[in-house]
Amino acid sequence: MPASFSPAFYHRPVLQVARDLIGCTVVHGRCSGVIVETEAYHQIEPACHAHAGLTPRTATLFGPPGRAYVYRSYGLHALLNAVCEPEGVAAAVLIRALQPLAGIPAMISRRSIASRGTRGAPGVLRERDLCSGPAKLTQALAVHLSHNDTHLATGPVRILPREGPWRQPEILAGRRIGITKAAELPWRFCLAGNPHVSSPRVPVA
């Protein structure tokens, strides 16, 4: 298994890191998936949690680059982000979707349990739907709030560099989704043509 990125990888503009994470691999325990979709967030724009300044919740965002920022969305789901830029500047990349690689039976089991808890008996989960959204992928990989402010180099959640067919991905950029503030910014990045990207897909220019 290749070595994880050093903090220097994340010590760069968040838009660069968001692009460069496409094709990389998230690993947690025996489960892993290739990143096929990301979104960038920065304190200068109102969709970022840190736009209002330093709080106990946003302290990780202002901390050293290369840490995991994990927060609860709408009181329900933990979402995984990679902290970027120099310490003191709040910016992060939201990991929006993965293509599952390893531990798929465990992912199916976790996602089925999560679906049963919110909607009753779940339907049949297709592999393309396991990690096609930021809440889905954290359920599948068992990423929790306890992983907030942990190192993405040493884990327990790690991000590994591109390998093999993922080395030169074709990347599309579009508007971020699921937000109402600064939604016009083209800060969402997707692997072109990949079926595991969340909906709606970024249109081809």
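Student: Explanation requested: the overall build of the protein in the structure shown.
Tutor: When helices and strands are counted, the protein shows four helices and eight strands. Tracing the protein from N to C terminus, the helices and strands come up as α-α-β-β-β-β-β-α-α-β-β-β. Across its three principal directions, the C-alpha atoms of the protein cover 45 × 35 × 35 Å. Considering the protein as a whole, with its 205 residues, one finds that 52% of them fall into the buried category. Residue pairs at least 24 apart in sequence account for 63% of intrachain contacts in the protein once pairs closer than 6 positions are excluded. Per element, the accessible surface of the protein, about 9,500 Å² overall, is 57% carbon and sulfur. Taking the average place of the 22 positive charges on the side chains of the protein and the average place of its 12 negative ones, the gap between the two points comes to 7 Å.

Student: Got a minute to help me understand the nonpolar core in this structure?
Tutor: Soluble globular proteins tend to bury their nonpolar side chains together. Within the largest apolar cluster, 47 residues are counted, with the highest numbers of intra-cluster contacts made by Tyr 10, Leu 21, Val 26, Ile 35, Ile 95, Leu 141 and Ile 159. Those residues in contact with Tyr 10 that sit more than four places away from it in its chain are Phe 5, Val 17, Leu 21, Pro 65, Gly 66, Ala 82, Val 83, Cys 84, Glu 85, Leu 152 and Ile 159. Counting residues in each nonpolar core, the second largest holds 14 residues, with Ala 47, Ala 50, Leu 61 and Ala 90 among its members.

Student: Honestly, helix 4 (residues 134-141) in this entry has me stumped. Any pointers?
Tutor: Given 3.6 residues per turn, any residue in an α-helix points the same way as the ones three and four places further on. Where burial is concerned, most of helix 4 is hidden: six out of the eight residues are buried. When helix 4 is considered as a whole, its buried residues turn out to be Pro 134, Ala 135, Leu 137, Thr 138, Ala 140 and Leu 141.

Student: Would you take a moment to explain the pattern of salt bridges for this structure?
Tutor: Close approach of charged atoms allows side chains with opposite charge to pair. Under the criterion given, the structure shown has seven salt bridges. In this structure, Glu 37 engages Arg 188 in a salt bridge whose closest nitrogen and oxygen atoms are separated by 2.7 Å. One end of the pair, Glu 37, is in strand 2 (residues 31-42); the other, Arg 188, is in strand 8 (residues 188-191), with 151 residues separating them in the sequence. Under the relative-accessibility criterion, Glu 37 is labelled buried at 0%. Across the salt bridge formed by Asp 129 and Arg 126, the nearest N and O atoms sit 2.8 Å from each other.

Student: What is the right way to read the pairing of strand 2 from this model?
Tutor: For a regular strand, side-chain orientation follows a simple rule: the groups alternate between the two sheet faces. By the criterion of burial, strand 2 is predominantly enclosed, with 12 of the 12 residues buried. Judged from the four bridges that link them, strand 1 (residues 25-28) and strand 2 form a sheet pairing that is antiparallel. In the sheet register, His 28 faces strand 2, and the bridge partner there is Cys 31. The loop that links strand 1 with its antiparallel partner strand 2 comprises two residues; one of these, Gly 29, has a positive phi angle of about 65 degrees. Pairing of strand 2 with strand 8 involves three bridges; the strand directions are antiparallel.

Student: Quick question: what am I supposed to make of the environment of Asn 148 here?
Tutor: Inspection of the secondary structure assignment puts Asn 148 in the loop between helix 4 and strand 6 (157-160). Relative accessible area serves as the criterion here: at 26%, Asn 148 is assigned to the partly exposed category. Taking C-alpha positions, Asn 148 is 26 Å from Ser 199, a pair spaced 51 residues apart along the chain. Excluding anything up to four places from it in sequence, Asn 148 contacts Thr 60, Ala 68, Tyr 69 and Val 70. One polar contact links the side chain of Asn 148 to the main-chain amide nitrogen of Val 70, over a distance of 3.0 Å.

Student: In this structure, what is going on with the state of the cysteines? I would like to understand it.
Tutor: A covalent bond bridging the sulfur atoms of two cysteines is what the word disulfide describes. Under the defined criterion, the tally for this structure stands at zero disulfides. We note that Cys 24 lacks a disulfide partner, and the nearest cysteine sulfur, in Cys 84, lies 11 Å from it. No disulfide involves Cys 31; its sulfur sits 8.6 Å from the nearest other cysteine sulfur, which is in Cys 131.

Calculation criteria
- Residues numbered from 1 in each chain as written.
- Predicted model: local features only at pLDDT ≥ 70, side-chain atom pairs only at ≥ 80, totals over all residues.
- Heavy atoms only, no water.
- Helix = DSSP H or I, 4+ residues; strand = E, 2+ residues; numbered from the N terminus.
- Buried < 20%, exposed > 50% of the residue type's maximum accessible area, 1.4 Å probe, protein only.
- Contact = heavy atoms within 4.5 Å.
- Areas by Shrake-Rupley, 256 points an atom, 1.4 Å probe, with all protein chains shown as cover.
- Lys, Arg positive; Asp, Glu negative; His and termini not counted.
- Charge placed at Lys NZ, Arg CZ, Asp CG, Glu CD.
- Core = buried A, V, L, I, M, F, W, Y, C linked by side-chain atoms within 4.5 Å.
- Salt bridge = Lys/Arg side-chain N within 4 Å of Asp/Glu carboxyl O.
- Pairing = 2+ DSSP bridges.
- Polar contact = N/O pair within 3.5 Å; in protein donor to acceptor, adjacent residues only side chain to side chain.
- Disulfide = S-S within 2.5 Å.

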